Structures are given as C-alpha cells and as structure tokens.
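Close look at the chain arrangement
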Amino acid sequence: MEYRIEKDTMGEMQVPNDKYWAAQTQRSVENFPIGDEKMPKEVVEGFAYLKKACAIVNNKLNRLDDTKTNAIANACDEVIDGKLEGNFPLVVWQTGSGTQSNMNMNEVVANRASEILGADFRVEKRIHPNDDVNKGQSSNDTYPTAMRVAFVLDLQKRLIPAINTLKATFEKKQKEFEDIVKIGRTHLQDATPLTLGQEISAYVDMLDKALSQIDDSMKYIVELAIGGTAVGTGLNSHPAFSPMVADTLNELTKTKYEFKSHPNKFHALTSHDGEVVLSGALNALASNLMKIANDIRWLASGPRCGIGEINIPENEPGSSIMPGKVNPTQSEAMTMVAVQVMGNHTSVSVAASQGNFELNVFKPVIALNIIQSIRLLSDTMIAFNDKCAVGIEANKSNIEKYLNDSLMLVTALNPYIGYENAARIAKTAHKNGTTLKEEAIALNLLTAEQFDEYVKPQEMTSPKA
C-alpha cells in the first residue's frame, strides 16, 4: 500500500494514499485498535446531511463562498449516496464526544471537495476541514446532532414500516380468526374462553402503542444541539445558525418529524435523556415482541405432545439428530433480539447518566446501541412477518378439544348456582375424570337442559347485560 504524508497540529502522519481521510482520522485508527464495531453508517449519513446543511447556512450568512459551498455540498451528497464508502474506518470505541468521527467526516469531505474543484487533494487543500467544513461548529454539538438525524432517518426508513407490516398481518389474522372460540389461559392454567381473534388483537394493540410511543419520543430527538459549539454558549457560531441548520435539514431530509434548534444548548450537550426515552420505547417494543413470539411458539408447540392450537410455517429442519423435527425458529430469533435490545437499553441508560459538567462523553456508545436496536427490531419483525406470521393457521380440532375439555367453562354457572357450587362441580369432575355437565346433573345442581342453556362458550367471550 502506498502512503502520503498528512499534517495536523500534532505533526505528520502517514495516510493511505487512496483514501480521502487525513491525519486526525489516521491518529484515531492507530490509537484505538478496539473491537470491530465501526461507527454506524447511519451516523456517517447523518453527519453528511449535517455538514451539507451547515455549508448551505454558512453561505446564506455570507461566511462561506458559493464555490466552496457547492463543492462541500456535492462531496456530502457522495457520502450520502455511498460513493465514498471505505473512507470512514473509525471504531465506536474512541473519544466519547465523537471528535474523531467529526474530523473524519471533515477531512473526507474537505479532500473530496478539493478534488471536485480540480485540485489534487494530496498536495493542495482548496477546502480546509476545520475552517470550511467545520465552520461555526464543534464536535461537541455536531456529533449529538448527527446521531439524532441518524435516529430519525432510520426510524422512518426501517422501524416504522416494519411495525406497520407486522401490525397489518396480525389485523388480518384477527379478522380471520374472530369466530374461533378457544380456551383462555392464565397462570399457565385453563381459564375462561375467548376467541383466537381476540387473543391476536392484543398483538395489534401492542404494535399500535409502539408507534405512539416512538412518536412521543420524537419530540425530544428532533431537538438538535447544533449551534452550541464547545460548551453550549455558541462561541464562533452565528446567532441564527442553529435554527437555520434545523430548517435546512428539514428541507434536505424531508422527514415526517421536523428538526428544530434545542432551546437549551447546555442541556443538549451534556444530557441524553431524549435518547433514553427513545431507547425506552424500543425496549417496550422488545418486551412486547418477546411476549408475542413466546405466545406463538407455545400455541404452536407439538406437533402431537404440545398445545398445538395453531400451525406455523415449517421453514427448516430443527434437529441434526431427530429426523422430521421442525422448530419455531422465527420466534427464537425474535426473542434473542428482544434480549439484546433490553441490554442495549441498559447501556444507553447508564451512558446517558454520565454527563459531567458541560459534556457527556459516552455519545458513540449511545449511538451504537440505539442504531443496533432499531436495525435488529426492524429486521426481526420483517423476518417474523414473512416467515411466520403470514402463515399462521388455526388448528380447529385441537382448539375444540381443549375448549370442550376445560373445567373453567363452569365459570358461566356462577350467576345461577354460585361460586361454591360451581367450584364443587369443577373439582368433582376433575377428580372423577368426568364432564362438567355429568357432575352438575349427578350433584342435583342443574338439569341437562339448564346446563346447555347456561354454558355456551361463544357467549362467554364478551360481557352480557
């Protein structure tokens, strides 16, 4: 590999000749050989949108000429389009303010912009990474802004569509199964009846609430730190810079959620409670997906020695030793994702608590965990939908068998013979291995006609006046 010499305030560095980054990026590469977790590409994209917006605003404020502005904007567009992939090598485990990732973006954009202007960036710097690309900015306000832009874009691109896809499938299943009466279960014991559609309606509502909770969290995430510069005072930034950048980001990204200038930049730099709220919404979604996945695999357990009230698609062999075995693998994948997201939420919560004085220096790990949670939740919901949920079928023979065998149908008799007598029927039937109807008659508590009139499972699935 060929190298060139790049300089920064710390001295000279050897940099790969085919890369657009410069000395500060190279120092980070060499100083932080920690793990394989690269700065998420979503954050890189967020940075590119931000740097383009800042250049446009600096131009409007007469702080950056048209030539430099256009070159910087074009270079940022190339980053957004993925054309400069491979120029962002830094890991998450670096400075906690994300300074080196900010400079990585500044250097790449500056060098590519210089090249766009006709210069060989290896020998001539027509665009300066600090004075031009980073004008009116600090790593302390750009990194938290870039990661929030990344969160909003990724939520809109991945998570919200994934939630809506799975929700729509369960809405169809709710309608399809609305007349199938089955036995309910509480405490893993038989309970009173409900319909399979009613059971699935809970999943629809859970996903609907997830969308509402994400919407609620966005009122914090759209507040941007940009304009606070180093400690929140806005030193070296124009008073109109922050709101103008927010407005420009809205024009560039065309998001559903409108970015705005954070009303208190001291809060914006040192605290990430907004990220905790967003991560909490993701955590709540993970908790509900865990419940849904567990329900589905329990209801599909079997095929002969489990509950087996529903059938799910058979996607792959389930055992290397047991021929013919098929497992609920999509449920298993979803539950593992849920566990990871719950762990990520803990990491975000602890990291957000570590703001000391004017700056929180746990920003990259917050970004990593939230971006990973969004990606994993999105992917698992689409996989679960396509490979499991759409293929769920009711096993009516098993459903009817369990319903008819259940002792908890006796609950319908409470208004007519009282709790004590109803319990007596149930316990006797369980002890003797007989039916509720047989014991109600044998105990002289009801006639056959009365039992049939009072015990109607379909009428037990909703309140009666």
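These remarks concern the structure in this document. (Residues numbered from 1 in each chain as written. Predicted model: local features only at pLDDT ≥ 70, side-chain atom pairs only at ≥ 80, totals over all residues. Heavy atoms only, no water.)

**Digging into helix α1 (residues 23-31)**
Applied cut-off: Classification of residues uses two cut-offs on accessible area relative to the type maximum, computed with a 1.4 Å probe and protein chains only: under 20% is buried, over 50% is exposed, and between them is partly exposed. Under the scheme used here, helices are H or I runs from DSSP no shorter than 4 residues and strands are E runs no shorter than 2 residues, and both carry numbers assigned from the N terminus. Contacts between residues were defined by any pair of non-hydrogen atoms, one from each residue, lying within 4.5 Å.
Those residues of α1 not exposed but buried are A23, T25, Q26, R27 and S28. Elements in contact with the buried residues of α1: β1 (3-8), β2 (11-16) and α4 (99-116).

**A few points about the pattern of salt bridges**
Our working definition: Any carboxyl oxygen of Asp or Glu within 4 Å of a side-chain nitrogen of Lys or Arg constitutes a salt bridge here.
Throughout the structure, instances matching the rule amount to 26 salt bridges. One salt bridge in this structure joins K182 and E309, with 2.7 Å as the shortest N-O distance. Pair noted here: K182 is in strand β3 (residues 181-186) and E309 is in the loop between α10 (273-299) and β7 (310-311), with a separation of 127 residues, a long-range link. K256 is paired through a salt bridge with D215; the nearest N and O atoms lie 3.4 Å apart.

**Re the side chain of R112**
This is how the line gets drawn: Throughout this description, a polar contact denotes any pair of N or O atoms lying within 3.5 Å of each other; where both atoms belong to protein, one of them has to be capable of donating a hydrogen while the other can accept it, and for residues adjacent in sequence the pair is counted only when both atoms sit in side chains.
Positionally, R112 belongs in helix α4. Look at R112 and you get buried, because its relative accessible area is 17%. In this structure the side chain of R112 is engaged in a polar contact, spanning 2.6 Å, whose partner is the side chain of E115. Among all residues touching R112, those that are not within four sequence positions of it are Y20, A75, E78 and L84.

**Focus: helix α6 (residues 139-176)**
For clarity, the cut-off: In this analysis, the expected span of each helix is defined as 1.5 Å times one less than the number of residues it contains. Take the seven residues that end at a residue and the seven that start at it, fit an axis to each, and the angle between those axes is the bend at that residue.
Relative to the 56 Å expected for 38 residues at 1.5 Å per residue, α6 spans 54 Å between its end C-alpha atoms, a close match to the ideal helical length. Bending of α6 peaks at approximately 45 degrees at the position of L155. Within α6, 27 of the 38 residues are buried, which leaves the element mostly enclosed by the surrounding structure. Structurally, the start of α6 carries an N-cap: the backbone nitrogen of N140 is 3.0 Å from a side-chain oxygen of S138.

**Re unusual backbone geometry**
The omega torsion of the bond from G302 to P303 falls at 10 degrees, within 30 degrees of zero and hence cis. Note that P303 resides in the loop between α10 and β7. Despite not being glycine, N62 has its phi angle at roughly 60 degrees, a positive value. Mapped onto the elements of the fold, N62 is located in the loop between α2 (41-60) and α3 (66-80). The phi torsion at H187 lies on the positive side, around 60 degrees, for a residue other than glycine. As for its position among the elements, H187 is in the loop between β3 and β4 (189-195). The class of H187 is exposed, set by a relative accessible area of 78%.

**Thoughts on the packing of helix α11 (residues 329-352) against helix α12 (residues 363-387)**
For clarity, the threshold we go by: Only the stretch in contact is used when a helix axis is fitted, and all axes are lines through C-alpha atoms; the angle between N-to-C directions ranges over 0 to 180 degrees. Note on terminology: angles under 35 degrees are roughly parallel, angles over 145 are roughly antiparallel, angles of 65 to 115 are roughly perpendicular, and the others are oblique. The sense of a crossing depends on the near helix, which, turned anticlockwise from the far helix by less than a right angle, makes the crossing left-handed and, turned clockwise, makes it right-handed. Ten residues, namely Ala, Val, Leu, Ile, Met, Phe, Trp, Tyr, Cys and Pro, are considered nonpolar, four, namely Asp, Glu, Lys and Arg, are considered charged, and the remaining ones, Gly among them, are considered polar.
Where α11 contacts α12, the axes come no closer than 9 Å and their chain directions differ by 165 degrees. Considering their axes alone, α11 and α12 lie roughly antiparallel with respect to each other. Between α11 and α12 lies a crossing whose hand is left-handed. Split into classes, the residues belonging to the contact of α11 with α12 amount to 15 nonpolar, nine polar and one charged.

**Some remarks on the environment of G232**
Tracing the backbone through its elements, the reader meets G232 in the loop between β5 (223-224) and α8 (241-253). Along the sequence, G232 and K265 sit 33 residues apart, while their C-alpha atoms lie 4.7 Å from each other. In contact with G232, other than residues within four places in its own chain, are K265, F266 and L269.

**Structural notes on the pairing of β2**
As a reminder, the rule being used: Strands were regarded as paired on the criterion that DSSP finds at least two bridges between them.
Bridge analysis of β1 against β2 gives six bridges, and the strand direction is antiparallel. Counterpart to R4 in the pairing with β2 is V15. Hairpin connection between β1 and β2: a loop of two residues separates the two successive antiparallel strands.

**Looking at the side chain of R148**
Within the secondary structure, R148 sits in helix α6. A distance of 2.6 Å separates a polar side-chain atom of R148 from the backbone oxygen of E223. If we ignore the near neighbours within four places in the chain, the residues touching R148 are Y220, I221, E223, L224, F259, H262, G274 and E275.

**Considering the pairing of β3**
Pairing of β3 with β4, which is carried by five bridges, proceeds in the antiparallel orientation. By the bridge assignment for β4, K182 is matched with L194. Hairpin connection of β3 to β4: two residues between the antiparallel strands, including H187 at a positive phi of 60 degrees.

**Digging into the nonpolar core**
For clarity, the cut-off: Nine residue types can take part in a nonpolar core, namely buried Ala, Val, Leu, Ile, Met, Phe, Trp, Tyr and Cys, and a core is a set of them joined through side-chain atoms within 4.5 Å.
Counting residues in each nonpolar core, the largest one holds 102 residues, and the members touching the most others are L159, F170, L377 and M381. Take this core: its biggest share by element is 15 residues, from α6. Among all residues touching L377, those that are not within four sequence positions of it are L159, L282, L285, A286, L289, V337 and V341. Grouped together as the second largest cluster of nonpolar side chains are 21 residues, V181, L409, L413 and A440 included.

**Quick word on the state of the cysteines**
Rules: Note on disulfides: each one is a pair of cysteine sulfur atoms within 2.5 Å.
With the rule as written, the count across this model stands at zero disulfides. Not part of a disulfide, C54 finds its nearest cysteine sulfur in C76, a span of 9.0 Å. Using a relative accessible area of 0% as the deciding quantity, one classes C54 as buried.

**A closer look at the environment of I221**
When you line up the elements, I221 lands in helix α7 (residues 196-221). The exposure class of I221 is buried, given its relative accessible area of 0%. Sequence spacing of I221 and V149 is 72 residues, and the spatial spacing of their C-alpha atoms is 8.4 Å.

**Structural notes on the packing of α2 against α8**
Where α2 contacts α8, the two axes come as close as 9 Å, and the packing angle between them is 125 degrees. As judged from the angle between their axes, α2 and α8 are oblique. In this structure, α2 crosses over α8, and the sense of that crossing is right-handed. Residues Y49, L50, K52, A53, C54, I56, V57, N58 and K60 of α2 touch α8, and the partners they reach there are F241, M244, V245, T248, L249, L252 and T253. Taken together, the residues that form the contact of α2 with α8 break down as eleven nonpolar, three polar and two charged.

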